[in-house]
Amino acid sequence: MFDLDLDSAASWIKKRGYRSVAVQLPEGLKMDALGISDFLSRSGEVAVTVLGDPCYGACDLFSDYRRHADALVHFGHSPIDSQESDEDIFFVEVRAEPEDIEKHVAVASRDLPHRIGLLATVQYVGLIPKVKKALETNGKKVFIGTGDSRIFHPGQVLGCNFSAAESVNGEVDAFLYLGEGDFHPLAAAFGTEKDIAVLNPLTGEIRCVKDARDRMLRKRFAAIESAKGAESFLVIVCTKAGQDRSAQADALIGEIRVRGKKAYKLLMNEVGPDALLPYDVDAYISTACPRIAMDDSARYPKPMLTVTEAEIVLGLRDWEKYEFDSITPVR
Ligand code: SF4
């Protein structure tokens with residue numbers, strides 16, 4: 001069902017004459033790592049090193065690859081910011097071509113309003129032209145937004161960036177998102193405050209993320225309330241290039257200290273509950289991937305806040321102005 005364009009990767013390797021490549025895969029593709037290694041070393045005539053550490057997105061690109069190989073082949077994500085300008089990195093996106101997509105869209109159309117913004121996760125952005133046509137055949141007016149420089153494809157959504165949705169938010173009544181799970185559409189639901197219908201292109205299942213958004217918002221309110229009495233904060237900065245928000249961390253540390261409270265800055269690559277155990281503080285603020293706080297906060301013994309939630313705790317922002325903590329391009 002999913003297609004990996006390994007031939008293009010092998011041609012690129014041969015054309016550029018690399019003798020060694022590092023291969024980086026997201027968790028969902030690691031089962032294919034050995035087959036990919038076999039294929040590339042045979043077809044690309046190259047020595048392959050598979051990178052074994054977890055990889056969550058292009059935010060997590062292994063930028064240190066030159067110590068181990070001539071080039072990097074990154075699977076499953078599209079470039080963010082200026083990553084595509086590194087000539088020694090090749091991105092292999094995963095594409096799905098489900099057979100019944102027009103039929104699924106026709107069913108979904110029955111409950112959709114007239115003006116629709118179309119969104120997708122990277123695996124399904126290739127379906128956008130086909131789905132647009134199918135929606136128009138069913139009488140809808142379709143808008144596809146262009147995101148900022150973290151967003152490579154029109155209509156693409158990341159779990160930390162909904163700028164493609166934001167760019168057409170004023171023109172649409174609701175969004176149709178192509179993908180599986182709540183992770184990406186929740187970002188768009190928080191960012192646009194519009195209804196997001198989720199269509200699983202493989203199964204045809206259609207659902208709305210409004211309830212999931214409301215549930216998460218209640219949990220975030222509870223985390224913010226329990227951090228309000230905190231006297232000490234651990235402000236986490238991530239070393240992954242696409243999650244590094246040091247400047248925002250420093251600004252928050254200044255705001256915390258001005259209020260006579262303690263702030264400690266912690267630099268780390270992999271944020272997780274065990275890694276934070278040695279640090280005895282009242283609350284954590286993560287300037288890394290915002291979804292660590294939003295989706296995984298139950299795993300942490302102390303309240304874990306995003307940047308915008310920390311602003312509420314510090315009185316810099318009202319709860320009524322709650323905002324999803326998106327990661328925007330580095331200027
Ligand atoms: S920062 Fe988080 S949500 Fe954004 S691309 Fe990386 S893993 Fe995904």
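Rules used in this analysis
- Residues numbered from 1 in each chain as written.
- Predicted model: local features only at pLDDT ≥ 70, side-chain atom pairs only at ≥ 80, totals over all residues.
- Buried ≥ 20, exposed ≤ 12 C-beta atoms within 10 Å, placed from the backbone.
- Helix = DSSP H or I, 4+ residues; strand = E, 2+ residues; numbered from the N terminus.
- Pairing = 2+ DSSP bridges.
- Domains from an automatic or database assignment.
- Contact = placed C-beta atoms within 7 Å.
- Nonpolar A, V, L, I, M, F, W, Y, C, P; charged D, E, K, R; others polar.
- Near = placed C-beta within 6 Å.
- Axes fitted to C-alpha atoms, helices over the stretch in contact; angles between N-to-C directions.
- Core = buried A, V, L, I, M, F, W, Y, C linked by C-beta atoms within 7 Å.

Chemist: Describe the pairing of strand S9 (residues 174-178), listing the residues and the values that go with them.
Modeler: Buried residues dominate S9, accounting for four of its five residues. Inspection of the sheet shows strand S7 (residues 115-120) paired to S9 by five bridges, in the parallel sense. Bridging from a neighbouring strand, leucine 119 pairs with tyrosine 177 of S9. Pairing between S9 and strand S10 (residues 196-199): four bridges, direction parallel. Note that in S10 the partner of phenylalanine 175 across the bridge is isoleucine 196.

Chemist: Account for the domain arrangement of the protein chain, naming residues and giving values.
Modeler: Often, the extent of an interface is quoted as the loss of accessible area upon association of its parts. You can read the domains of the protein chain as domain 1 (2-93), domain 2 (101-208) and domain 3 (213-321). Distance from the C-alpha centre of domain 1 to the C-alpha centre of domain 3: 33 Å. Across the contact, eight residues belong to domain 1 and five residues belong to domain 3. Tallied by class, the residues present in the side of domain 1 that touches domain 3 amount to five nonpolar, two polar and one charged.

Chemist: Let's hear about the site of the ligand: which residues, and what values?
Modeler: Neighbouring residues of the ligand: Tyr56, Gly57, Cys59, Leu158, Gly159, Cys160, Gly242, Gln243, Cys289, Arg291 and Ile327. For the shell around the ligand, the class distribution of residues is six nonpolar, four polar and one charged.

Chemist: Which residues make up the sheet that holds strand S13 (residues 262-268), and what are the values?
Modeler: Here we have four strands laid out as an open sheet, ordered S13-S12-S14-S15, and parallel in their pairing. Each end of this open sheet is capped by a strand with a single partner; those strands are S13 and strand S15 (304-305). One ladder, built from seven bridges, connects strand S12 (residues 232-238) with S13; its direction is parallel. Each residue of the ladder has a partner; that of valine 237, found in S13, is leucine 267.

Chemist: Please provide a residue-by-residue account of the sheet that holds strand S11 (residues 206-208), values included.
Modeler: Strand order in the open sheet made by the five strands is S8-S7-S9-S10-S11, with mixed pairing throughout. With partners counted over all chains shown, the strands left at the sheet margins are strand S8 (141-143) and S11, one partner each. The average angle at which neighbouring strand axes cross in this sheet is 30°, direction not considered. The sheet contact formed by S7 and S8 spans three bridges and is parallel. Note on S8: the bridge partner recorded for arginine 115 is lysine 141. Sheet strands in contact with helix H3 (residues 101-109) are S9, S10 and S11, and its direction is about 150° off that of S10.

Chemist: Before we move on, can you summarise the nonpolar core with the specific residues and values?
Modeler: Soluble globular proteins tend to pack their nonpolar side chains together in the buried interior. Within the largest apolar cluster, 77 residues are counted, with the highest numbers of intra-cluster contacts made by Tyr177, Ala188 and Leu305. Ranked by residues supplied to this core, first place goes to S12 with six residues. Sequence-distant contacts of leucine 305, defined by excluding residues within four places in its chain, comprise Ala223, Ile224, Ala227, Ala283, Tyr284, Ile285, Ala293, Ala310 and Val313. The next biggest cluster of nonpolar side chains, apart from the first, holds 20 residues, and it includes Val21, Ala22, Leu25 and Ile89.

Chemist: I'd like a description of unusual backbone geometry, backed by residues and values.
Modeler: The phi angle at glutamate 45 is positive, at roughly 50°, despite the residue not being glycine. Positionally, glutamate 45 belongs in the loop between helix H2 (33-43) and strand S3 (47-50).

Chemist: Give a description of the environment of proline 278 that names residues and reports values.
Modeler: The topology assignment puts proline 278 in the loop between helix H9 (273-276) and strand S14 (283-286). Accessibility expressed as a C-beta count within 10 Å gives 7 for proline 278, which makes it exposed. C-alpha separation for the pair proline 278 and alanine 22, spaced 256 residues apart in sequence, amounts to 34 Å.

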